[in-house]
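Overview (structure and organization)
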Amino acid sequence: MALKLLVSRVALSFIISTMAYAEEVRIAMGNFEPYYIESKNGGVFADIISAAFLHIPNYHPKYIYGHSNEDLWASFDSGHVDAASNFFGTVIKKGCLTNPVFRFSDMAVTKASSALAINHLDDLKAKSIVAYQGAKELLGDDFGLVVTAAYQEVAKPELQVRMLVAGRYQVSVGDKFIFLQAVKNLNTKEIQPQDFKLHDLFPPTYTRLAFHEKSLCEKFNLALERIKQSGQYEAIYQSYLSDLNYP
């Protein structure tokens, strides 16, 4: 026990001393949980970045939270930060985009009590649907073709949850983690994760980090591959899913 404690203290001292001499990389971060959790200086995306940076000597990340998606690009473009998270696409005007880093998992969500059979995208036809803003554009033409009944896009995930529970819509469409976080944020015993069924109808989508410094971008790609091969990448996602209490 004493030896383990000594090793832990030595490791901690090494990490602290390394950070003291490492170059700080200021990274613009978003504002939606559980991907960004400013109060914990963490979240799924922050934890993935931090895990990768452990394999990049002489650098350590400094997270700047609270940006909207539009502000992320503006902050990066102005040079106020060294990097920014959550970029779609493969090309930017300046700097370098990493390989795909952050995974979103859009789902069709129904009330478990409704016992709706939804196994394919076509099963959404004639169903009333509430979705996140921009869903039709991001999910593509195939999704647009099955939206044949009442359809609404809303800004707040908690509103999607409430509309589904109230029976105003039969299906909610959105990211699995964001939906479950919204259930948690409502903080009521009347609405629990087990009250819903998640239907995996959509392929995952990925976003990237943007760096001003190309060499750091390349180092990050190598580090990202290391944490994926080690299983740490998937373990981070699983730990947050467990925290959200989805059965």
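As a reminder, the structure under discussion sits directly above these lines.
Described below are features of the structure shown in this document. All values reported here derive from a predicted model rather than from experimental measurement. (Residues numbered from 1 in each chain as written. Predicted model: local features only at pLDDT ≥ 70, side-chain atom pairs only at ≥ 80, totals over all residues. Heavy atoms only, no water.)

Moving on to the overall build of the protein. On a plain count of helices and strands, the protein comes out with 9 helices and 11 strands. Counting all 247 residues of the protein, 45% fall into the buried class. Put simply, 71% of the contacts in the protein that link residues at least 6 apart link residues at least 24 apart. Total accessible area on the protein stands at roughly 13,300 Å², and carbon and sulfur atoms take up 52% of it. Between the mean site of the 24 positive side-chain charges and the mean site of the 26 negative ones, the protein shows a separation of 4 Å. (Helix = DSSP H or I, 4+ residues; strand = E, 2+ residues; numbered from the N terminus. Buried < 20%, exposed > 50% of the residue type's maximum accessible area, 1.4 Å probe, protein only. Contact = heavy atoms within 4.5 Å. Areas by Shrake-Rupley, 256 points an atom, 1.4 Å probe, with all protein chains shown as cover. Lys, Arg positive; Asp, Glu negative; His and termini not counted. Charge placed at Lys NZ, Arg CZ, Asp CG, Glu CD.)

Right, let's talk about the packing of helix H2 (residues 44-53) against helix H9 (residues 232-243) for a bit. Following both chains from N to C, one finds H2 and H9 inclined at 155 degrees, their axes separated by 10 Å at the closest point. As the angle between them shows, H2 and H9 are arranged roughly antiparallel. The hand of the H2/H9 crossing is right-handed. Contacts from Val44, Phe45, Asp47, Ile48 and Ala51 of H2 reach H9 at Gln232, Tyr233, Ile236, Tyr237 and Tyr240. Here the residues of the contact of H2 with H9 are counted per class, giving 8 nonpolar, 1 polar and 1 charged. (Axes fitted to C-alpha atoms, helices over the stretch in contact; angles between N-to-C directions. Parallel < 35°, antiparallel > 145°, perpendicular 65-115°, else oblique. Left-handed = near helix turned anticlockwise from the far one by under 90°. Nonpolar A, V, L, I, M, F, W, Y, C, P; charged D, E, K, R; others polar.)

The next point concerns a negative patch on the surface. A cluster of like negative charges, contributed by Glu23, Glu24, Asp82 and Glu213, occupies part of the molecular surface. Topologically, Glu24 is positioned in strand S1 (residues 23-28). (Patch = residues over 30% accessible without salt bridge, like charges linked within 9 Å, V, L, I, M, F, W, Y side chains within 5 Å. Salt bridge = Lys/Arg side-chain N within 4 Å of Asp/Glu carboxyl O.)

Overall, the coordinates contain 1 disulfide when judged by the stated rule. Paired through a disulfide, Cys96 and Cys217 show a sulfur-sulfur distance of 2.3 Å. Judged by the sign of its S-S torsion, about -65 degrees, the bond between Cys96 and Cys217 is left-handed. In this pair, Cys96 is assigned in strand S4 (residues 96-97) and Cys217 in helix H8 (residues 214-230), connecting sequence segments 121 residues apart. (Disulfide = S-S within 2.5 Å.)

The next subject is the nonpolar core. One finds Tyr35, Phe53 and Phe220 to be the most contacted residues of the largest nonpolar core, which totals 52 residues. The residues contacting Phe220, other than those within four sequence positions of it, are Ile49, Ala52, Phe53, Ile56, Thr98, Val101, Leu209 and Phe211. Ala108, Ala135, Leu139 and Phe143 belong to the second-largest nonpolar core, a separate cluster that totals 15 residues. (Core = buried A, V, L, I, M, F, W, Y, C linked by side-chain atoms within 4.5 Å.)

The end-to-end C-alpha distance of H9 is 17 Å, a good match for the 16 Å that 12 residues give at a rise of 1.5 Å each. Buried residues along H9 sit against H2, strand S5 (102-104), helix H7 (176-186), strand S11 (205-211) and H8. Trailing H9 by a residue or two, Asn245 shows a phi angle of about 65 degrees, which is positive. (Expected span 1.5 Å × (residues − 1).)

Where S1 lies against strand S2 (residues 59-64), 6 bridges are found, and the strand directions are parallel. Residue pairing in the sheet places Ile27 in a bridge with Tyr63 of S2. One crossover worth recording links S1 to the parallel S2 by way of H2, and it is right-handed. Pairing of S1 with strand S3 (residues 83-87) involves 2 bridges; the strand directions are parallel. In the strand pairing of S3, Ile27 is matched with Ala83. (Pairing = 2+ DSSP bridges. Right-handed = clockwise from strand over helix to strand, strands pointing away.)

As a further point, take the side chain of Asp175. Position of Asp175 relative to the elements: it lies in strand S9 (residues 171-175). No salt bridge is formed by the buried Asp175; its nearest oppositely charged neighbour, Lys176, is found at 7.8 Å. Polar contacts involving the side chain of Asp175 include one to the side chain of Tyr35, which spans 2.8 Å. Side-chain polar atoms of Asp175 contact the backbone nitrogen of Phe177, separated by 3.0 Å. Dropping the residues within four chain positions of it, Asp175 is found in contact with Tyr35, Phe104, Ser105 and Asp106. (Polar contact = N/O pair within 3.5 Å; in protein donor to acceptor, adjacent residues only side chain to side chain.)

The next point concerns the layout of surface pockets. Reported here for the largest pocket is a volume of approximately 980 Å³. Surrounding the largest pocket, 31 residues form its lining, Phe32, Asn69, Tyr132, Gln133 and Ile178 being those nearest its centre. Counting residues per element, the ones that place at least two in the lining of the largest pocket are helix H3 (69-77), helix H4 (135-139), helix H6 (157-165), S9 and H7. Looking at the lining of the largest pocket, the element that brings in the most residues is H7, giving 5 residues. Here the lining of the largest pocket is built from residues that sort into 12 nonpolar, 12 polar and 7 charged. (1 Å grid on protein atoms, 1.4 Å probe; cavity = no way out; pocket = protein on both sides within 12 Å on 5 of 7 lines; lining within 4 Å. Points joined across faces, edges and corners; volume = space filled by probe spheres on them.)

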